[in-house]
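Structure at a glance
Given next are the chains, with one letter for each unit.
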Amino acid sequence: MTWIHRFAAAAAAAAALAVAVPAGAASPTLVETPMYEQDVTAGKLPPVAQRVPQDPSVVDLAAEKKEPGKPGGEIAWMAGRARDVRIMNTYSYARLVAYGPDFQLHPDILQSIDVDGEKVFTLHLRPGHKWSDGQPFTSDDFRYFWEDVSQDKELMPYGPDTRLLVDGEQPKVEFPDAVTVRYSWSKPNPDFLPAIAGATPLYIFAPAHYLKQFHKKYTDAAALDALVKATGARNWVALYNQRSKLIDSANPDLPELEPWVNTTKAPSERFVFVRNPYYHRVDSQGRQLPYLDRVIVNVVEGSLIPAKTGTGEADLQARGLRFDNISFLKAGEQAGGYKVRLWPTALGSEVALYPNLNCNDPDWRALNRDVRFRRALSLGVDRDEINQTVFFGQARPSQNTVLPQSPYYDEALATEWARFDLDKANALLDEIGLTKRDGDGIRLMPNGKRLEIVVESAGERSLEADVLQLVRESWAKMGVALHTAQSQRDVFLQRIFAGDTVMSVWQGWDNGLITPTTGPSQLAPVDQNWLQYPKWGQFVQTGGGAGEKPDLDFGETLMALYAEWRGTTDAARRDAIMREMVKIQADEVTSIGTVQGVLQPVVVKTRLHNVPEKGIFSWDPGAHFGVYRPDTFWVDPS
């Protein structure tokens, strides 16, 4: 069994999460962190025994085949834009429950959790756990978020996050004592634990002691209005949202539970994250984690990241690096003092095209919604040529679907409508009625306009342009013209969400290693970020307040299956539902994939220890580096 197959097997085993998830090993004798010794002696900071929880999370280094680390030092990585500093909270990956290196769910911030029939989840906090500013982390932080944020119609006009709803039912949330929180529903909510363990997690808590100063319920109206005016915010809601986002790392004053806390206000080209003195994890020798004192995030032009990495300017870098950088990066290993590790990605497709079924233009909307059109476009993609030309034959031609390591992989589905067949593609286009052509051989739409598809891109990956060029050439052979348009990512997404985009290009499914634990949310139109039907996702996420209700048969079927999967605890039925949803996605060609299994270069400085030689570059589950616990990475003393 290969390491990647072990990943799939371990993730599948996580489905059997027991009624009680056990707490960690007994706490070792604690050792003071060198960085804090002077402050502890001077009385500026409590000793380590008073900073960590009474029952800290103990990382078994031996079990993870890691070396005990040496505290201190710093590393740097690069981001292509200032907003990408938020990835630090993904890489850091402190969660209530989290996927471990075995890709099974374990308590992390929580001491333990009791699960009863996937309906009742009793969360047990670690006594003595504190926020990064030293204030207690208790059930009041959960109560505040549930009662004063999720239920506030100004802060959350559409109500609580849809991941907290089961058939529209909100959870019953109880707070028996300072270290216990209970979420319960009348029906199973199998998405709850994966959601709070996500790379971009479902937050169900917030630092109440800090955020109350920005909430109208707890602050004098005149004082809050003055603060709003002083900060230039539109209103108190805008101010609150600016100051409260735990995932963004944008507010240096916001208390965190992550291993490192941002100390730099934007705008900046250099963000400094400093270790959290109250972090809840320790190693098996009693040293409080993280080992590293600081992590520096340098903001540089995205196109320069490969070159700068190749000259040794990053200690740990994957973001901004591509498959086509591998040869260049390998050549610079010795001079740059680093090693290049190659981790396969878990993407359903490295590059995928997304016909927007919700686009506003009525003519394009009709074509995109015709499955014959989508199938024809897919048949017109020469994936073997893409693999050989762009990926040097190292990838696997495929639709945008699960990987062979997933228990739901079906080779027939992976290749269905994915073999290069111009004759069949042309026949489908003729069948639709697109038989007329202009003098250039380009087909004409029913409205008389040329069949010219504008594929919109965020322009962040040059390989997308390489792939699209090959698609352009093969589509031209069947009378379809392809043009591209680039815009900054936020604009790119907003155009898609608004229905202004006919077709877009992005990566495929974030997680092609779907298991019984991860669930079928990727397979149903439940999120506006699913670019083939964003307005359907908006409808679900806003409880019908925005977007469009799924109105094609396959969309309605996917939603019904998704609801059934969530409503049953029968493993066999869930398995059958997952397989049916994978099949529908393939048959309907809701997206047009290209290749899978592309290798991601991960550059690691030789002085940096405990980064796995072999890993998988997976967003969720995995959080890229997060599942491998960067708080255990350490550097040789300088």
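Residues numbered from 1 in each chain as written. Predicted model: local features only at pLDDT ≥ 70, side-chain atom pairs only at ≥ 80, totals over all residues. Heavy atoms only, no water.

Put simply, the rule reads: UniProt positions are given in the numbering used here, feature names are shortened, and annotations may be inferred rather than shown by experiment.
In the annotation of an unreviewed UniProt entry, the protein chain is listed under the name Peptide ABC transporter substrate-binding protein and assigned to Inquilinus limosus. Here the protein chain is described in UniProt, under the heading Sequence similarities (unreviewed entry), as follows: "Belongs to the bacterial solute-binding protein 5 family."

**Regarding the packing of aromatic side chains**
Heads up, the rule is: Think of it this way: a Phe, Tyr or Trp ring, Trp meaning its six-membered ring, pairs with another when their centres are within 6.5 Å, and the plane angle makes it stacked under 30 degrees, edge-to-face over 60, tilted otherwise. Geometrically, a lysine NZ or arginine CZ counts as sitting over a ring once it is within 6 Å of the ring centre and also within 35 degrees of the ring normal.
This structure, assessed with the given rule, holds 25 aromatic pairs. Measuring from ring centre to ring centre gives 6.2 Å for Phe-617 and Phe-625, while their planes differ by 75°; the resulting arrangement is edge-to-face. Following the ring pairs from residue to residue traces out a cluster consisting of Trp-77, Tyr-91, Trp-343, Phe-617, Phe-625 and Tyr-628. Of note, Arg-574 hangs over the ring of Trp-565, and the distance from its end group to the ring centre comes to 4.4 Å.

**Observations concerning the nonpolar core**
What tends to happen in soluble globular proteins is that the nonpolar side chains get buried as a cluster. Just so we agree on the cut-off: In this text, buried Ala, Val, Leu, Ile, Met, Phe, Trp, Tyr and Cys residues form a nonpolar core when linked through side-chain atoms within 4.5 Å. Accessibility here uses a 1.4 Å probe with only protein chains present; expressed as a share of the type maximum, an area under 20% marks a residue as buried, one over 50% as exposed, and anything in between as partly exposed. It only takes one pair of heavy atoms within 4.5 Å for two residues to be counted as in contact.
Leu-123, Phe-192, Ile-204 and Phe-205 are the most contacted members of the largest nonpolar core, which has 94 residues in total. Excluding residues that lie within four positions of it along the chain, Ile-204 makes contacts with Leu-96, Leu-123, Phe-142, Phe-145, Leu-164, Tyr-183, Phe-192 and Ile-196. Among the nonpolar cores identified, the runner-up in size contains 41 residues, and Phe-373, Met-445, Leu-451 and Ile-453 belong to it.

**Focus: the environment of Phe-554**
The cut-off we apply is this: Starting at the N terminus, helices and strands are each numbered in turn, a helix being any DSSP run of H or I of at least four residues and a strand any DSSP run of E of at least two.
Structurally, Phe-554 is set in helix 21 (residues 553-567). Residue class for Phe-554 comes out buried when judged on its relative accessible area of 7%. Along the sequence, Phe-554 and Thr-590 sit 36 residues apart, while their C-alpha atoms lie 9.9 Å from each other. The residues touching Phe-554, leaving out its near neighbours within four places in the chain, are Leu-357, Arg-374, Tyr-533, Trp-536, Ile-584, Glu-588 and Thr-590.

**Description of the UniProt feature "domain: Solute-binding protein family" (unreviewed entry) in the protein chain**
Mapped onto the present numbering, the UniProt feature "domain: Solute-binding protein family" (unreviewed entry) falls at residues 105-519. Annotated as 30% helix and 18% strand, the span residues 105-519 places its first and last C-alpha atoms 14 Å apart.

**So, the environment of Arg-419**
We apply this condition: Counted as a polar contact is a pair of N or O atoms within 3.5 Å, where, for protein atoms, one must be capable of donating a hydrogen and the other of accepting one, and residues adjacent in sequence contribute only when both atoms are in side chains.
With respect to the element layout, Arg-419 can be found in the loop between helix 16 (411-415) and helix 17 (422-432). Accessibility expressed as a relative area gives 57% for Arg-419, which makes it exposed. Through-space distance from the C-alpha of Arg-419 to that of Val-381 is 7.9 Å; in sequence the pair is 38 residues apart. Within the structure, the side chain of Arg-419 is placed 3.3 Å from the side chain of Thr-415, a separation counted as a polar contact.

**Considerations on the sheet that holds strand 21 (residues 592-593)**
Formally: One requirement defines pairing of two strands: DSSP has to find at least two bridges between them.
One open sheet accounts for 5 strands, arranged 19-18-20-16-21; its pairing is mixed. Unpaired on one side and paired on the other, strand 19 (481-486) and strand 21 mark the two borders of the sheet. Pairing between strand 16 (residues 352-355) and strand 20 (residues 503-506): 4 bridges, direction antiparallel. What sits directly across from Leu-353, in strand 20, is Val-505.

**What to know about empty space enclosed by the protein**
Selection rule: Put simply, the grid is 1 Å and covers the protein atoms alone, a cavity is a trapped set of points that fit a 1.4 Å probe, a pocket is an open set with protein on both sides within 12 Å along at least five of seven lines, and lining residues have an atom within 4 Å of a point. Grid points are joined across faces, edges and corners, and a volume is the space filled by probe spheres set on the points. Side-chain classes follow a simple rule in which Ala, Val, Leu, Ile, Met, Phe, Trp, Tyr, Cys and Pro form the nonpolar group, Asp, Glu, Lys and Arg form the charged group, and the remainder, Gly included, forms the polar group.
Inspection of the entire model under this criterion finds 3 cavities of 30 Å³ or more. Approximately 100 Å³ is the volume attributed to the largest cavity. In this structure, the largest cavity is lined by 14 residues; those nearest its centre are Ala-94, Ile-109, Tyr-203, Phe-205 and Glu-258. Residues of the lining of the largest cavity, tallied by class, amount to 11 nonpolar, no polar and 3 charged. What lines the second largest cavity is simply Ile-75, Trp-77, Met-88, Tyr-91, Trp-260, Leu-292, Val-295, Leu-316, Phe-625, Pro-630 and Phe-633. Residue assignment for the lining of the second largest cavity shows that the elements contributing at least two residues are strand 3 (74-79) and helix 4 (88-92). Considering only residue class, the lining of the second largest cavity consists of 11 nonpolar, no polar and no charged.

**Quick notes on unusual backbone geometry**
In this structure, the amide linkage connecting Ala-266 to the following residue, Pro-267, adopts the cis form with an omega of 0°. Relative to the elements of secondary structure, Pro-267 occurs in the loop between strand 10 (260-262) and strand 11 (270-275). A positive phi angle, close to 60°, is found at Glu-118, a residue other than glycine. Along the chain, Glu-118 falls in the loop between strand 6 (110-116) and strand 7 (120-125). One non-glycine residue with positive phi stands out, namely Trp-417, at about 60°. With respect to the helices, strands and loops of the structure, Trp-417 is situated in the loop between helix 16 and helix 17.

**Description of the pattern of salt bridges**
To keep things clear, this is the line we draw: In what follows, salt bridge is the name for a side-chain nitrogen of Lys or Arg lying within 4 Å of a carboxyl oxygen of Asp or Glu.
One pass over the structure, following the stated rule, counts 45 salt bridges. The residue Arg-607 makes a salt bridge to Asp-315 at a minimum N-O spacing of 3.0 Å. With Arg-607 in the loop between strand 23 (599-605) and strand 24 (608-609) and Asp-315 in the loop between helix 10 (305-310) and strand 14 (316-317), this residue pair connects regions lying 292 residues apart in the sequence. For Lys-330, the salt bridge goes to Glu-333, with nearest N and O atoms at 3.6 Å. With a relative accessible area of 14%, Glu-333 lands in the buried category. Via salt bridges that share partners, Asp-140, Arg-143, Glu-147, Asp-148 and Lys-217 belong to a single interconnected network.

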